[in-house]
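Architecture and fold: a report
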Amino acid sequence: MKFSLTVLLFASLAFAQDNSAHNGMMQIGKKIYEKTCISCHGVDGETASQMELVVKPRQLNKSILSEKQMFYIVKFGAHTYGAHADIMPTFKYVYDDTQIASVVHYVSQKFNKNRDQRVAQLLSDSRELSLKEKEDMLQVGKKIFHKKCGMCHGDRGNGESQYVEQSKADENFIYPYNLQKILLSEDQIFLFAKYGGHFWGTAKNDMPSWKRKYDDVKLKSTAHYIYQKIKKPL
Amino acid sequence: MKKILLAALLSIASLYGADHIIDQKGKTFIPHEVTVKVGDTLTFLNSDPFAHNAYTDDEANEFDIGMQPPGTKKTVTIKSVGKFDVECAIHPNMLLEVTVTK
């Protein structure tokens, strides 16, 4: 439902490549960004240094998210998509869809214009799976998920685990995502797991990089398992 | 008499082996490498405010201490000569290199 509501809007985002629409959205987006977003995300899309928040806001200039994914996060809040409740709030009561699309377009164009190219390059640099490896993806991914990912994200991937129970007394603890609700594509899950959250703009103590421990085949298999078996349809 | 007592104490101590303290702090094993003897023990402290899970896949010395809450300690006994790595199941960049001699 949420997706169908904004299909038209993203048709207009595509249309925003047209200069006048683009310029209009950039102007609206800039105003909203400077009024609302800047206090957490900073003047250049990096975390504002004066903020004393437990979970540091995302560095938007490193984000892995597409414009469309960012739209949903801004509109419905990060907790709707698996984050712990006290992170990015819901803005649907503050701004309408056009305004949200505009600020997302502004952020994307202003701070993270090379995202698509960066993501495509990293995927292209990764190891291509053989036919046999592709056949084994679910099996390999399942094993790694329950051995490693489940320790923090829980065996069902819902963010509830013994690790959380034993660690949440720490006031700086960063809760693992509920993977059942995430917005990421399979490729994005792979890149997030391979390079770690900090590479993609999260706080330093967030999701670690697994590239030293697992090769591309194993990480792609794990991402495949999460996407197919853990993540719920949106 | 004193010499006999001392010899007895030393022989009892040698039966148990030495204990090596490994702290887990700032998502790092401290020290990050250790040389031990068969029969010695590794005691893992958790000085971080969150849980850890030290383990090794080494066949001869396999252990997995499980989820370890902050402020606790867990001990394992070294069984075989060789070299192996200890990792944390939650924090993949933590690495402890263990060398075991006779």
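Residues numbered from 1 in each chain as written. Chains lettered and ligands numbered in written order. Predicted model: local features only at pLDDT ≥ 70, side-chain atom pairs only at ≥ 80, totals over all residues.

**Points about the overall build of chain A**
Along chain A, the regular secondary structure elements total 11 helices and 0 strands. Starting at the N terminus and walking to the C terminus, you meet the elements of chain A as α-α-α-α-α-α-α-α-α-α-α. At 18 Å, chain A has a C-alpha radius of gyration in line with the 17 Å of a compact globule built from 234 residues. Each of the 234 residues in chain A was classed as buried or not, and the buried ones make up 36%. Contacts in chain A between residues at least 24 apart in sequence constitute 65% of all its contacts with a sequence separation of at least 6. (Helix = DSSP H or I, 4+ residues; strand = E, 2+ residues; numbered from the N terminus. Rg over C-alpha atoms; globule rule 2.2 N^0.38 Å. Buried ≥ 20, exposed ≤ 12 C-beta atoms within 10 Å, placed from the backbone. Contact = placed C-beta atoms within 7 Å.)

**Re the sheet that holds strand E2 (residues 28–30) of chain B**
Residue and element names in this part refer to chain B. Across the sheet, 4 strands lie side by side as E2-E1-E4-E7; this open sheet has mixed pairing. A strand with exactly one partner marks an edge of an open sheet, and here the two such strands are E2 and strand E7 (73–77). If you compare each strand with its neighbour and ignore which way they point, the axes differ by 25° on average. (Pairing = 2+ DSSP bridges. Axes fitted to C-alpha atoms, helices over the stretch in contact; angles between N-to-C directions.)

**Some words on the interface of chain A and chain B**
At the interface, 13 residues of chain A touch 11 residues of chain B. For the side of chain A that touches chain B, the leading source of residues is helix H9 (residues 162–167) of chain A, giving 4 residues. When its residues are assigned to classes, the side of chain A that touches chain B shows 6 nonpolar, 3 polar and 4 charged. (Nonpolar A, V, L, I, M, F, W, Y, C, P; charged D, E, K, R; others polar.)

**Side note on the nonpolar core**
All names here are of chain A. Ranked by internal contacts, the top residues of the largest apolar core, which has 64 residues, are Val 103, Val 104, Val 107 and Phe 192. Per-domain counts for this core show at least three residues from each of domain 1 (2–113) and domain 2 (124–230). Apart from residues no more than four positions distant in its own chain, Val 104 is found in contact with Glu 67, Met 70, Phe 71 and Val 74. (Core = buried A, V, L, I, M, F, W, Y, C linked by C-beta atoms within 7 Å. Domains from an automatic or database assignment.)

**With respect to the packing of helix H3 (residues 19–41) of chain A against helix H5 (residues 97–111) of chain A**
Relative placement of two packed helices is described by the angle separating their axes and the distance separating the axes. All names here are of chain A. As a packed pair, H3 and H5 sit with axes 7 Å apart at the nearest point and diverge in direction by 90°. When the axes of H3 and H5 are compared, the pair comes out roughly perpendicular. Taking contact as the criterion, the partners of Met 25, Met 26, Ile 28, Gly 29, Lys 30, Ile 32, Tyr 33 and Cys 37 in H3 are, on H5, Gln 99, Ala 101, Ser 102, Val 103, His 105, Tyr 106, Val 107 and Gln 109. Here the contact of H3 with H5 is composed, by residue class, of 10 nonpolar, 5 polar and 1 charged. (Parallel < 35°, antiparallel > 145°, perpendicular 65-115°, else oblique.)

**Considering the sheet that holds strand E9 (residues 95–101) of chain B**
Residues and elements named next belong to chain B. If you walk across this open sheet you meet the 5 strands as E3-E9-E8-E5-E6, and the pairing is mixed. Every interior strand has two partners, whereas the edge strands, strand E3 (33–37) and strand E6 (63–64), have only one. Where strand E8 (residues 82–88) meets E9, 6 bridges bridge the pair, whose relative direction is antiparallel. Residue pairing across strands places Lys 83 opposite Thr 99, the latter belonging to E9.

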